[in-house]
Amino acid sequence: GGPVKLDLNATYGATSFHTQGAMAFAELAKKYSGGSVDITVHPGGSLGFKGAELLKVVKDGQVPMSDILMGVVAGSEKVFGISSLPRLVGNFKQARQLYDASKPLYEKAAAKWNQKFLYAAPWPPSGLVTKGAVNSVADLKNLKTRTYDKNGANFLRSLGGSPVSLPWGEVYSSLRTGMIDSVLTSAESAKNGKFWEVLDHFKDINYAFPLNMVTINLDYWKALSKDQQQAMLKAAAETENNQWANSESRTVEALKVIQQHKIAVSKADAALNKALDAAAAKIIADFRKGLKPSAQAVLDRFAR
Amino acid sequence: MLLIVGLVATEVALRTLAGRSTLVADEYSGYLMVATVLFGLAYTLASDGHIRITILTGRLPEKPQRWFESLAALLALLLCLYLFRHACVMVYDTWSLGMTADSIAETPLWIPQLSLLAGLALLCLQLLAEMLRRLPFLPTR
Amino acid sequence: MFTDPLILTLVLFGVLLLCLLAGLWIGFSLFTVGIAGMLLHQVNLPPTISIFDKIGGLMANSVWNSLNSWSLTALPLFILMGEILFRTAVSTRLLNGLLPWLGWIPGRLLHINVVACSLFAAVSGSSAATTATVGKITLDELSKRGYDRSLAIGSLAGAGTLGFLIPPSLIMIIYGVLSDTSIGKLFIGGVIPGLVLAGFYSLYIAGRALLNPQVVPGHKERFTGRDRLASLGDLAPVLLLVFVVLGGIYFGFTTPTEAAVIGVLGSLLLALAYRNLTWDNFRQSLLQAVRTTGMICLIIAGAAFLSQVVGFVGIARGISQAIAAMQLSPYTLLLVLGLMYLVLGMILDGISIVVMTLPIVLPIVVQAGFSPLWFGIFLVIMVELSQITPPVGFSLFVIQGIAAEPVAAILKATLPFFLIMIGMVILLALFPEMVLYLPEKMIH
Ligand code: NA
Ligand code: NA
């Protein structure tokens, strides 16, 4: 009978970039399969999953499909940590090259975890949103920065800062109270969080272009007909290209919006860039240890 | 013994939190929270602290009332065993797949998850005791 | 099987009722309903995965996930703080200290729940913690002094829920993140409604005391200005504690969980200073805190699993879509939404309600012309209501843990305050400025 129903877990809210991508993917999959694949996107983590366990819950088929921030499952499968390494790439073009080079590794790792890798797209690149300007390494000293993963924390700590790990929901109020005074995040998130109410500078350091991927459990995948699988792959490829383009245009747009709201946007100068790269190199070198040679080769192609 | 475990878990939670400003306080207090709760569940049951609605069953004569209570304990025991079994699967997978937290400490997740198993096992035992204790043909306590 | 979410909802309600009436513990009842929901719903499964493995996996995962939470850690700590204050002379002194100040108002010390909850709500982000801490200190003291127990319990249930409305507030933070609304504005927007609501509670208590003088003890002491001055000696340490805990959060030294630890240490220090701290009452406090925490958390874990199932089978989605399809006028829409939240609030915890319905409800509401900021406060009050509606009402559970009264008596005591809250919702709908005035004034 009826269409095949699949649930897709999305961690972020309904209006967020990656959830909208997942919804667009669901539409396309429905269209190309002639309505025979019906994907329900559950936004805002409303299925009760937090993140780090997603690779495992998709593996077990507890949820058939999920949108996953690759960095948070690097504790389960190291190779998924590549896209969240600091300053490995400097712009969208390089980020795409890195992704194309790593894609076979991702597909293989996903298969190992009993899932089919469908597509991935980058978050807009993260920079430093601060109270007061950051122009040199000295300005980074003792900055209380909210970071979203351990790379970010190690990166800023080695530059003399005091990184803080906080749930995203507590960031705004902590900025207000002064418990933190800066956030390592994208212009897009700064815009959505209306950070201009509390912060006034954005340092566009292109810290990282972290990827979100969408995967499907292999048992569910194999239960689909060949035509349905083809439709899904076609929808995935199209969504992937759209999302990469959207990520870039949204970054440009978001930078404009935060500037309109009196957040000063600037790039790092040569001296600061050099210090940032040095701090990043340590983290990349640490990460490189214990990686398979194939993954090391990818890193070596991009490390500055 | 149960009480001691509950006590220690709570105390450790306090001490860990008091020595804060580490980047792992939030992570570890979460683990300790799980441990406190899971070890506390059986104690709470033993001291009749869990809530149930007794509007109907409370009006029955003693014997059927005890049957009902015993049955409820049996149902809860079955649920708890089922949960325990799948918690074992989860912890085993977490261990065999080498999953770690996405934090600075990179804690292997199976270690804090062990408290889940121990706590559920204790709760199962306590439920079994509750079920037997309420059987009408056995003496109370 | 059951493809229509509305029918499935009714069936699941039936299962829940059956479990509860049979005397199964509430937490386990929620697990049972969740399992029933998964079994009754037509879940698409590939041949290689068994439904029982899927359900079991979900259950184990939701128990781990719902309890492994940094913000939840504040709950047992604030409960412990309340236990310590309760078991030592601190609470008696607080009441003694407040007496000369509240003595001239009709209802006298009965207002203490309202005053103390408002104070404590400014420290804690959750209603359960507010209710637990204040209730632990006040309920037995009030009964001992001959105040009406029912009114004391009702005012505690009502005022305890202020924890979500007066900032900081867990629910507002979640709403702000999901709806793309400024959390700072939400916080400020909750202040006036919170204080007004507290005012209504006090008015009601005063009214009851005037109409029915037996609710307060017969003998009435007279107090002089000198008494009030002397009472400050009793009040000061507690006010200092509140200030330290609250100040820590407002001035940015601590998160709520850390503030809770400071609160625990502070109350231990106070108890030491009053020479009340014995090993025995410390041990008792710890055990009781573990017991209350275990009780609440079994239900939290069950609710987390049920929420997950509700998400999978599309109940919240189904109901919201049915409402969207009706094309209602703004006020009718609000009424229908209010009723929907009341029903959902019976079985679900506040966070789940917000997370599951918002994606569909918010666009409808905005289209009908309501501001997201205003709707956030509306939603917070609906969540507050869900705290005191059976069968899953966390404030009710907390109070039961403290007061050891039958659920029916607690419900009866709570009803007037429930109705006051409903009145507050209507007032908010008529005068949205109550929410919007301060945020517009204070931020830009
Ligand atoms: Na509050
Ligand atoms: Na409720």
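None of these values were measured; they are calculated from a predicted model.

Conventions we followed
Residues numbered from 1 in each chain as written. Chains lettered and ligands numbered in written order. Predicted model: local features only at pLDDT ≥ 70, side-chain atom pairs only at ≥ 80, totals over all residues. Heavy atoms only, no water. Helix = DSSP H or I, 4+ residues; strand = E, 2+ residues; numbered from the N terminus. Phe/Tyr/Trp six-rings, centres within 6.5 Å; stacked < 30°, edge-to-face > 60°. Expected span 1.5 Å × (residues − 1). Bend = angle between axes of the 7 residues up to and from the residue. Buried < 20%, exposed > 50% of the residue type's maximum accessible area, 1.4 Å probe, protein only. Contact = heavy atoms within 4.5 Å. Polar contact = N/O pair within 3.5 Å; in protein donor to acceptor, adjacent residues only side chain to side chain. Core = buried A, V, L, I, M, F, W, Y, C linked by side-chain atoms within 4.5 Å. Buried area = accessible area lost by both parts, 1.4 Å probe. Salt bridge = Lys/Arg side-chain N within 4 Å of Asp/Glu carboxyl O. Nonpolar A, V, L, I, M, F, W, Y, C, P; charged D, E, K, R; others polar. UniProt positions renumbered as here; feature names shortened; annotations may be inferred. Pairing = 2+ DSSP bridges. Right-handed = clockwise from strand over helix to strand, strands pointing away. Axes fitted to C-alpha atoms, helices over the stretch in contact; angles between N-to-C directions. Disulfide = S-S within 2.5 Å.

Engineer: Any chance you could break down the environment of Gly266(C) for me, citing the residues and the numbers?
Structural biologist: Among the secondary structure elements, Gly266(C) is positioned in helix H13 (residues 256-273). For the pair Gly266(C) and Val245(C), spaced 21 residues apart in the sequence, the C-alpha separation amounts to 8.7 Å.

Engineer: Got a sec to walk through the packing of aromatic side chains? Specific residues and values, please.
Structural biologist: Taken as a whole and assessed by the stated rule, the structure comprises 17 aromatic pairs over all chains. Pairing Tyr106(A) with Phe117(A) gives two aromatic rings, centres 6.0 Å apart and planes at 25°, and the pair type is stacked. Remark: Phe117(A) occurs in strand S4 (residues 115-122) and Tyr106(A) occurs in helix H3 (residues 92-112); sequence separation between them is 11 residues. A centroid spacing of 5.4 Å and a plane angle of 25° characterise the contact between Phe375(C) and Phe378(C), whose relative ring orientation is stacked.

Engineer: Please set out H3(A) residue by residue, giving values where relevant.
Structural biologist: All names here are of chain A. The terminal C-alpha atoms of H3 lie 29 Å apart, and with 21 residues this matches the ideal 30 Å at 1.5 Å per residue to within 8%. Most pronounced at Ser 102, the bend in H3 amounts to some 45°, and the proline Pro 104 follows within four residues. Among all positions in H3, only Phe 92, Ala 95, Leu 98, Tyr 99, Ala 101, Ser 102, Leu 105, Tyr 106, Ala 109 and Ala 110 are buried. Against the buried residues of H3 lie S4, strand S10 (211-217), helix H9 (226-260) and helix H11 (293-302). The distance from a side-chain oxygen at the start of H3 to the backbone nitrogen of Lys 93 is 3.1 Å, and the residue carrying that oxygen is Asn 91. Looking one or two residues past H3, Asn 114 carries a phi angle of roughly 55°, positive in sign.

Engineer: So what's going on with the nonpolar core? Residues and values would help.
Structural biologist: Side chains of nonpolar character tend, in soluble globular proteins, to be buried together. With 273 residues, the main nonpolar core has Phe28(C), Trp374(C) and Phe375(C) as its most contacted residues. Examining the composition of this core, we find that 17 residues originate from one element, helix H14 (residues 279-313) of chain C, more than from any other.

Engineer: Please give an account of the interface of chain B and chain A that cites residues and values.
Structural biologist: In this complex, chain B contributes 13 residues to the contact, which on the side of chain A involves 16 residues. Summed over both partners, the interface of chain B with chain A comes to about 1200 Å²; 59% of that surface belongs to carbon and sulfur atoms. Run the count over chain B and chain A and you get 2 salt bridges. For the salt bridge of Lys56(A) with Asp93(B), the shortest nitrogen-to-oxygen distance reads 3.3 Å. Taken together, chain B and chain A are joined by 2 residue pairs in polar contact (both at pLDDT 80 or more). Tallied by class, the residues present in the side of chain B that touches chain A amount to 5 nonpolar, 4 polar and 4 charged.

Engineer: How would you sum up the UniProt feature "transmembrane region" (unreviewed entry) in chain B? Please name residues and give values.
Structural biologist: Residues and elements named next belong to chain B. With numbering matched to this structure, UniProt assigns "transmembrane region" (unreviewed entry) to residues 28-46, 67-84 and 109-129. Secondary structure within residues 67-84 divides into 100% helix and 0% strand; the distance between the first and last C-alpha atoms comes to 25 Å. For residues 109-129, the end-to-end C-alpha separation is 31 Å, with 95% helix and 0% strand making up the annotated structure.

Engineer: Help me get a handle on the pattern of salt bridges, residues and values and all.
Structural biologist: Note that side chains of opposite charge can pair when their charged atoms are close. A complete count under the given rule lists 20 salt bridges over all chains for this structure. Here Lys289(A) makes a salt bridge to Asp286(A), at a shortest N to O gap of 3.1 Å.

Engineer: A description of the pairing of strand S2 (residues 37-42) of chain A should follow, citing residues and the corresponding values.
Structural biologist: Residue and element names in this part refer to chain A. Counting buried positions along S2 yields 5 of 6 residues, so the element is predominantly enclosed. In terms of strand pairing, strand S1 (residues 4-9) meets S2 through 6 bridges, oriented parallel. Residue pairing for S2: Val 4 is matched across the bridge by Val 37. Where the polypeptide runs from S1 across helix H1 (residues 17-32) and back to S2, its parallel neighbour, the crossover connection is right-handed.

Engineer: So what's going on with the sheet that holds strand S3 (residues 65-69) of chain A? Which residues, and what values?
Structural biologist: All names here are of chain A. With mixed pairing, the 5 strands of this open sheet are ordered in space as S2-S1-S3-S10-S4. Of all strands in the sheet, those with a lone pairing partner are S2 and S4, marking the two edges. Mean inter-strand twist for the sheet, computed between neighbouring axes without regard to direction, equals 20°. In the sheet, S3 pairs with S10 via 5 bridges, with the strands oriented antiparallel. Of the residues in S10, the one forming a bridge with Ile 68 is Met 213.

Engineer: Which residues make up the state of the cysteines, and what values go with them?
Structural biologist: Overall, the coordinates contain 0 disulfides over all chains when judged by the stated rule. Counting only cysteine sulfurs, Cys80(B) is the nearest neighbor of Cys297(C), a cysteine outside any disulfide, at a range of 15 Å.

Engineer: Tell me about the interface of chain C and chain B, residues and numbers included.
Structural biologist: Reports of interface size often rely on the accessible area that becomes lost once the parts have come together. Of the residues lining the interface, 47 residues belong to chain C; the matching set on chain B comes to 53 residues. It is Trp25(C), Trp64(C) and Arg291(C) in chain C that bury the most area against chain B; as a group they hold 19% of the surface buried on that side. Linking chain C with chain B are 0 salt bridges. The interface formed by chain C and chain B contains 4 residue pairs in polar contact (both at pLDDT 80 or more).

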